[in-house]
Structure formats: C-alpha cells, structure tokens
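# Summary of the model geometry
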There are 2 protein chains.
Amino acid sequence: MHAPSAQSRLAEHMRRTIALQQISGLLSWDQETHMPPRGASARAEQAAAIEAVAHAHRADPRIAEWADAIERDTLSPAERVSLDEALRIHRRAVRIPARLASALARTTTEAHEVWAAAREKARFDDFAPTLAEIVALKREEAACLAEPGQGLYDALLDDYEPGMTVEKAERLFGALRPALADLAARIAATGVEVALPGTRHAEDRQLALARELATVFGYDWQAGRLDLAVHPFSSGTLGDVRITTRIDPENPFENIYAAIHETGHAVYEQGMPEELAFTPAGAEASMGVHESQSRLFENQIGRSRAFCDWLFGAMERVLGPTGFDGPEALWRAANRVRPGLRRTEADEVHYNLHILMRFDLERELIAGDLAVGDLEAAWNDRFAADFGVAVPDAAQGVLQDIHWSAGLFGYFPTYSFGNIYAAELFAAMRADLPGLDAAISQGDIAPAIGWLREKIHRHGRLHAPDALIEMAVGHAPGTGPLIAYLEAKFAELYRL
Amino acid sequence: MHAPSAQSRLAEHMRRTIALQQISGLLSWDQETHMPPRGASARAEQAAAIEAVAHAHRADPRIAEWADAIERDTLSPAERVSLDEALRIHRRAVRIPARLASALARTTTEAHEVWAAAREKARFDDFAPTLAEIVALKREEAACLAEPGQGLYDALLDDYEPGMTVEKAERLFGALRPALADLAARIAATGVEVALPGTRHAEDRQLALARELATVFGYDWQAGRLDLAVHPFSSGTLGDVRITTRIDPENPFENIYAAIHETGHAVYEQGMPEELAFTPAGAEASMGVHESQSRLFENQIGRSRAFCDWLFGAMERVLGPTGFDGPEALWRAANRVRPGLRRTEADEVHYNLHILMRFDLERELIAGDLAVGDLEAAWNDRFAADFGVAVPDAAQGVLQDIHWSAGLFGYFPTYSFGNIYAAELFAAMRADLPGLDAAISQGDIAPAIGWLREKIHRHGRLHAPDALIEMAVGHAPGTGPLIAYLEAKFAELYRL
C-alpha cells in the first residue's frame, strides 16, 4: 500500500469543496422557497459558517502543492481542465485578503437592506454612499484578481465568462445596440398595441401547467422538484436540480415563461457528464452558456409561432378558457413589444438594450470614469436615448436591480451573451434538424434537447464558452443570428 | 483595540460549530421531505463533507487552549455551562481516533442497506455479521469515551442523557416492568377489543387538521413549517423549527398524534432562551427531556378524555364524519390497548415494555454478555415473557428498529425517561393549574404551554435533566406518577 497520489488528494479535496458549495446552494434554495420568516437570522449564521469553511477549502495551500506535484502530461483532457480550474479557484481565494473578503461580505449583506429601503422610497441618494463603498471594494477586489496587464473590469467579467474581455464584448455588442434601437423604433411607429385578456387562473392550475411544461422540455422529475419563489431561479446539478416559478393570477405568461426558462437551466445541469460529478470540469461552461440554454427554451422555442400551436391547446386544457382567440393571438401576446422601464419585464427587442446600458455604466463605475453620485443622471440619460422614455423615479430606474447591491459587477453582460449564444445555437439546430418546427408545434422538444445534449450539455466545462459555441455552430459566436432572428420574427409580428 | 479574549474566541468558534451542525440538520430534513430520489448520492457526499468540517471544528485543539485561558470565576452560570459543554463536545471528538470514526461512519452507512434488505426478507442472519461489527466498533468507541471507572454503556448513555447511568436507570425502571406487565395482563383479561371505524379521510383534510393541532398546541408558524415524512420527526431550533407528519387515509390517529408529538418537540425548541442562541447552553437539557415534551402533549394531553371533547369536534369539522359516536368513543379508540409487535405502534401500556427490553438487550450486547448470534432468540424469549405473544418473524421482531443499524446504542432508554418525566411534569402541572382539564376540553393548551415554558423551555441546557425535573416538580424524578397515571387512566377505560 502506498500513499495516495497528489492527483487523488487534490481530487478528493475538490470533491469536498464542491460538496460544500452545493450545500451553500441548498441553503439559498431553502431560504427562497421554504424557510420560515423567523429563520432568517440563523440562516445568515449558517451561510457565513459554510462560506468560511468553503473559503478555507479553496484557499488551502495544499492545492498549489498538489498541483505542482502532478505531471500534466499524464492527465486526460478533463483532468487537465479540472486541475486548471482548481488552481483558478484557489488563486481567486488566496488573492483576496481576509480583510477585503470580510468587508465585501459585510457591506453587501448590509447593502441589501439599504438598497431595498431606498428602492421603497425611490431615493437613489439613500443608496449612493453604500454603492460607492461597494464600488470601491470591488475595484480593490478586481485589482487583487487581475493578472498582469488585465483590466479591472476584465478581471471581474472573467469569473463569470471565462476568457471574455471588455474588448471582445464590445466587438460582440457593437452592432447590437443600433440594430435593436432601430427595430424598437420601427415597431413603436406601427402604433400597434397588444393587450392581455386578463383572465384569472388559479394557482393550482398554473402549477399543473408549469409541471407539464417542464416535462415537455425534458425535465427529469426523479432529479428535481418545482416550488414557488418570488424571483424564480434554478439550483443544483445532475441528480438534484430544483426549479421554481412564480404565479400572476391575471398573467399566465409569468409562470409559463419562468417555468420554461428555469427548465432550460435545469436540463443543462441534469445533462452534465456524470463521470465529471464533483470535479471542477463537471460544471457549466460559463454563465452565458447557462443563460443560452434557458433563453433558447424560453424564446426561440417557447415564444415561437410553432410552439404556440401546442401551448394554446395545453393552456385551454389545463387552465381552462384563456381568453385568447387561438394560437396566433397567443403568439402575438407572448411577444408583445413595449418600451417598459424594467429589465425583468422586457420583451426580446428591448431586453438586450437594458443589458447594454448596465454593461456600459458598470464598466465606467469600475474604471472610475463615472462617480456613483452621477449614476442616476447617467442612467436616466441613457434610458431616454435608447428607449425614448423618461424614467419617472429611481425605483423604476437605477434602483430596480438587486445585482449591484450584491456586488455583482461583470454579471449583467452574461445575460446578453446568453441571448447571442441562444440565437447562434438555434440557427445551427434548425439547419441540422429540418423537421424541428413541425415537432415543436406538436410539443415535441425532444429533437432540440437531443441536439443540445450532444453539442453543449455533455461537454461540461471542458471548453471555453466561445470555443464550445464555435464547435456547435461552426463559427465564432456573433450577433448576426440574433439580429436576423429578431428582425424576421418581429417583422412578421408587426408587419414591418 | 486589543485582541479578542479567549472567551470570545471560543464563543465565536462554538457559534460556527453549532451553525455547521444546524446545516447538517437541514440536509437531513431536506432528505426526508423534499429531496428528489436521484439526489441521494450527492447528498451522501454533502453529508460527509459537512460532517468532516464539523468534526474538525469540534476537535480543534484551540478549544482546550481557550478553555484553559478562561477564568471560570468570571463567568455567568450560562457561560460556565457553555464552557463545560464545549469541552465535553471537544473531548468526545478528540478521544475517538480518526480510523474509528471513519470505520463507524462507513459501517453504519453500509449497514442501513443491509438492515433494510434483511428486514425485507425477515432474515436476522443476513444482518447479524454487520451488527456484530457495529457492536464491536461501539464497544471500542465507548472505551475511548469512558472516563476512568465509567462503564462502557454508561459512556454511551451519558451522551444522550447527561449524568444518567445504568445504575440510576435500573433504579428508575425497576418498578416499571412488573407494574406495566401486570396492567397489560389485567387489560387483556377483560377481553375488550376496540376497533377503528376505518373511515377514509383525504390527505388535504388531514393536513389541515395537523395544522390546526399544531396551532392549538402553541406552534409558531412564523418559525416553522409542516411537511410529510415517512417517519415523522422535528428539526431545528428557535426561529426555524420544522415538523413533519404522516397520513394513513384510514387511521386518522397516525397523523393526529404524529402532529401533536412533533409539535411538543418543536414548541420546546421554539421556546429556547434566545439569548443563548448559538451557544452550547442554548439546547435541550437531554433527549429524555425533549421526549417528555412531545409525550406530554401527545399522551397526557392529546389522549386525555378532556382533550377528546375538543378533538372530536375538530375532527368532525375538518375531516367530516369520522365514524366515532362521540368524544367518549374517540377517547376509547385513541387509547386502545393491544400487545402488538411493533414499538412504533405501541399503546401507552406496552410502549415502555418495548423500551425496557431493548435497554436490557443492548446493555448486554455492549457488555459482551450477549453475542449478536444469540440476539434474535433473546429478543423472542423476552418478548414472549413480557407481551405473551410469539414473534412470528425477525422483521416484526429484532429487525424492526433502525437504531442499532445506525449505531444508536444508549438512545432507546431516553424514550422511557421521556415518558417518566412527562408523567412527573403533568402531575405537577395539574396540581399547579386547577382549571387545566377544563381548559384542555376547550382546546385551550395555553396554560400547559405557559407552565412548560416557565419550568422547562426557558432553561435550555443550564441544568442536568434530573435537576431540571426536580426543580419543576419538587422531587427527584421517579416512576410513581407514570404508574399512577396509567393505572387510573386504563382502570377507567377498561373498567378494571
């Protein structure tokens, strides 16, 4: 009997580290779905305790020692990815001094209340000093994380979207903003307004529909469950991937598209390679790729004319009379375009405009080119320019998202990466699967799921996100397919 | 600014340790209530990971160092209890070698399957070799834990019931076995058999009744929730105490008494002193005291003639027609006595006989006086002697409980301590509260809850269990009140 190798020791350590991270995810899931109100303070203690031990695991100096002792040439590609990823996680943990980590944790925890109260009163000034602190701390964090020559914002962005840089993102986003603004303007010029029927649907019926949608989109109920949450999310991986939805009695789309969206995330996680479970390579390729799976299900399929054929029947069967005249009317309502103030309620035409402005503003904040005190004015100016709408108050403007209060800088653009990848993937999928629309109109999503399993899910984190998309579609990802998809779809919808 | 004191460092460390233990409890709760089937293997990894870090926290040598540096005289009584408890927890952790801890964890984990399969086939021989291993490991563990001069079983027992010894337990249990056997025989001699009506009640109605019962028994819904579980249990403390119940469509008592029982546990935990949250002193006095709170609610109150007045009305209102002629018939059915084979289905007369035989058998196993190979025969002989019933097979006999397969030796007697304490507490409560029965017959449990809050709940773990009971009732706990309560109750029920 000889001592375990450095490789097996590192693997065992990462296994434990990933298990602790999963526990942290379960605590959050429980908090959002089942925890009783008075459990909040104990949950904060528990979250701090698990974060402390998870951090200690990530920062364990033996990770670097084991890594040094491993012969890279003897490793399989997956083992090599896991080794690199373990080192990346370790570097991030050790580069941030304990003082900064604890200041960030404390400030963002406290900021939640401050942000919520400021939003309640619609007073940005109440939140500005706290946000200024967060920006300062994030700049400090970015400086710790940045490789030599890497920009501050790039260091933050890279954590969510490996290999992504501001330069690449700007190139990618470049054509998007004018195209979207132009499309939105042409739609607005039609003067067409689409109203929802406002029919009320009981919660139990809506939940039954959510379950049916998840099933149709390939969700494995032996490896998950559905609950309600104020802000729907999915969590977990492989054999335990949980989804949530939200019910608006008068607007069934809330539940329908939340359920389909979260199922997209969940089916990705349920389809991760089992043999990479509890290794760093057995994870999503990036946040953008994750989002592409949910968006493709939600938008390219879920809001398509073909799917509305099936969805109309399912709604009438499960919910009862919906007030829609037929699949065509349902499709028009599910795709109605309005220059609304809120990102989370945005249609496909406006959604990325919301993201692009946040991306620009947060980059300027991190660069130090925009002072927090000037953020509200900058927000309102940009919003007026892109949406043609005056922001009535900060609650519906600069204070609407939770992200910045939580210290999430560099996260917003991944939503648009997701939309861009989704359009790329769907175009390639359609080319590969000639009967796709016919299948979708029957509620048969299996061909699409099979294609995604093969092209995306089974690869875990083995490839960088742009390389993965390129492997799937045959070229580097760009905005062409997204713009073409939106142009074609909304030209038909609004007879442009 | 000076360095934190040893006391505050120890307190912070124990806070973290307790938070990790709470997380472990949440993982178990989730596993029993919400986890999807395919989540089991990842959950095993997560449980192992949290146990490893919790163990490292308990075994941290700084606990002993900090404790040494603390001036005991400067501490409050609660701080002293927390210090002693921290050291006790620490000693237990460091006394068990890693090799033994891991052998115990592995063997008991694997034993679960072996036990379940053996029970399925009703073949004790299939489980005996595994049980022999577990007994050997538990003997080894007990030897590590025992203080000089302390017996092996005492070392195990003390962990669940601080200060309890075999000698004390034998003295306590001495009069119980003949008294119960005699009472059971007299009841059997009446030839009276009570049947249940067998009316079916839908799950949603039964759950509504469980919720109403929990409310009536003082459960704070802001600090908890109710779910279904195969084996009902409660978990958590203070602001997050969750209960579970189980539904038998044809036997509403399953749900009713599970709900009341678990509410008893939960109301104890919800009533812990808030100022001792996340300290070792802010916990139950013992497993026996915990069980006394559930048993008092379930039996002394829940199965009383007075409570059946209210319960009958509640059942008819919430469940619909029950098939009982009235409160009197309900009371007789809720207290029917039958010498059944299973502990978990036992009535109040037989329950402690089940425990006493397990107590005797497991002591002999740990002492080495009974070989595992002879356990089934010893079980069956003892059962025939105490219950007058031949055990038809091992599944309904020696294999019925999960405890031994999980390495729980020294745990069974705490069920009887709970019954003994419950009778003591209820007798004293009745003496203190003259209008108690009248209130109970109206479904008003508040006076009883108030009494328990004052006498038991608010004391946390500040006193040893026997001292706590003595403070509450005015004398050292004994079996007199339990025997008197059972004699009086069943004399009336069976006209003895």
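Starting from 1, residues in each chain are numbered consecutively following that chain's sequence as written. To read the labels, note that chains go from A and ligands from 1, taken in the order they are written. Only residues with pLDDT of 70 or above have their local features reported here, since the model is predicted, and side-chain atom pairs are shown and tallied only from 80 upward, although totals for entire chains, interfaces and linings are computed over all residues.

## Concerning the overall build of chain A
Looking only at helices and strands, one finds 21 helices and 3 strands in chain A. Radius of gyration (C-alpha) of chain A: 23 Å, near the 23 Å computed for a compact globule of 496 residues. In terms of principal-axis extent, the alpha carbons of chain A reach across some 70 × 55 × 50 Å. Exposure criterion: with C-beta atoms placed from backbone coordinates, a residue whose C-beta has 20 or more other C-beta atoms within 10 Å is buried, one with 12 or fewer is exposed, and one in between is partly exposed. Split into buried and exposed, the 496 residues of chain A put 44% on the buried side. Considering only contacts within chain A whose residues lie at least 6 apart along the sequence, 72% involve residues at least 24 apart. Secondary structure elements are defined from DSSP: runs of H or I of at least 4 residues count as helices, runs of E of at least 2 residues count as strands, and each element is numbered from the N terminus. A radius of gyration in this sense is built from C-alpha atoms; the matching globule rule multiplies 2.2 Å by the number of residues raised to 0.38. For every residue pair, C-beta atoms are placed from the backbone, and the pair is scored as a contact if these atoms sit within 7 Å.

## Brief notes about the domain arrangement of chain A
All names here are of chain A. Segmentation of the chain into domains, including their bounds, is taken from an automatic or database domain assignment. What the domain assignment reports for chain A is domain 1 (6–147) and domain 2 (148–496). Facing 40 residues of domain 1, the contacting portion of domain 2 comprises 37 residues. Mapped onto the side of domain 1 that touches domain 2, the elements with two or more residues apiece are helix H1 (6–33), helix H4 (77–95), helix H5 (98–121) and helix H6 (124–145). The leading source of residues in the side of domain 1 that touches domain 2 is H6, at 12 residues. Nonpolar residues are Ala, Val, Leu, Ile, Met, Phe, Trp, Tyr, Cys and Pro. Charged residues are Asp, Glu, Lys and Arg, and all others, Gly as well, are polar. Its residues assigned to classes, the side of domain 1 that touches domain 2 shows 26 nonpolar, 6 polar and 8 charged.

## Description of the nonpolar core
Residue and element names in this part refer to chain A. Among the nonpolar cores identified, the biggest contains 107 residues, and Leu213, Ala214, Phe217, Val349, Ile366, Leu425 and Phe490 are the most heavily contacted of them. Top element by residues in this core is helix H17 (residues 412–432). It accounts for 10 residues. Counting the residues that make up this core, at least three belong to each of domain 1 (6–147) and domain 2 (148–496). The contacts of Leu425, once residues within four sequence positions are left out, are Ser292, Leu296, Ala472 and Val473. A set of buried residues drawn from Ala, Val, Leu, Ile, Met, Phe, Trp, Tyr and Cys, joined through C-beta atoms within 7 Å, is what defines a nonpolar core.

## What to know about H5 of chain A
Residues and elements named next belong to chain A. What a helix should span is 1.5 Å times the count of its residues minus one. Over its 24 residues, H5 runs 35 Å from end to end, which matches the ideal 34 Å to within 8%, given 1.5 Å per residue. Listed in full, the buried residues belonging to H5 are Thr108, Ala111, Trp115, Ala118 and Arg119. Next to the buried residues of H5 lie H6. Following H5 by one or two positions, Ala122 has its phi on the positive side, about 55°.

## Some remarks on the interface of chain B and chain A
In this complex, chain B contributes 31 residues to the contact, which on the side of chain A involves 31 residues. Broken down by secondary-structure element, the contributors of at least two residues to the side of chain B that touches chain A are helix H1 (6–33) and helix H2 (40–58) of chain B. Counting residues per element, the side of chain B that touches chain A draws most heavily on H1 of chain B, at 9 residues. Residue classes in the side of chain B that touches chain A are distributed as 16 nonpolar, 8 polar and 7 charged.

## Description of the packing of H1 of chain A against helix H3 (residues 62–69) of chain A
Residue and element names in this part refer to chain A. For the pair H1 and H3, the least separation of the axes is 8 Å and the interaxial angle reads 145°. Of the two possible hands of crossing, H1 and H3 adopt the one that is left-handed. Residues Ala6, Arg9, Leu10 and His13 of H1 form the contact with H3, whose participating residues are Arg62, Ile63, Trp66, Ala67 and Ala69. Class assignment for the residues of the contact of H1 with H3 results in 6 nonpolar, 1 polar and 2 charged. Note on geometry: axes are lines fitted to C-alpha atoms, helical ones only across the stretch in contact, with angles between N-to-C directions running from 0 to 180 degrees. The handedness criterion is simple: a crossing whose near helix is rotated anticlockwise from the far helix by less than a right angle is left-handed, and one whose near helix is rotated clockwise is right-handed.

## Some points on the sheet that holds strand E2 (residues 234–237) of chain B
Residues and elements named next belong to chain B. With respect to topology, 3 strands assemble into an open sheet ordered E1-E3-E2, the strand pairing being mixed. Either end of the sheet is taken by a strand with one partner, and the two such strands are strand E1 (226–228) and E2. Each strand axis lies, on average, 20° off the axis of its neighbour in the sheet, ignoring direction. For two strands to be treated as a pair, DSSP must find at least two bridges joining them. Two strands pair when backbone bridges link them, and E1 and strand E3 (residues 240–245) are joined in this way by 3 bridges, in the parallel orientation. If you follow Asp227 over to E3, its bridge partner there is Thr244. The strands touched by H1 within the sheet are E1, E2 and E3, with E2 carrying the most contacts at an inclination of about 150°.

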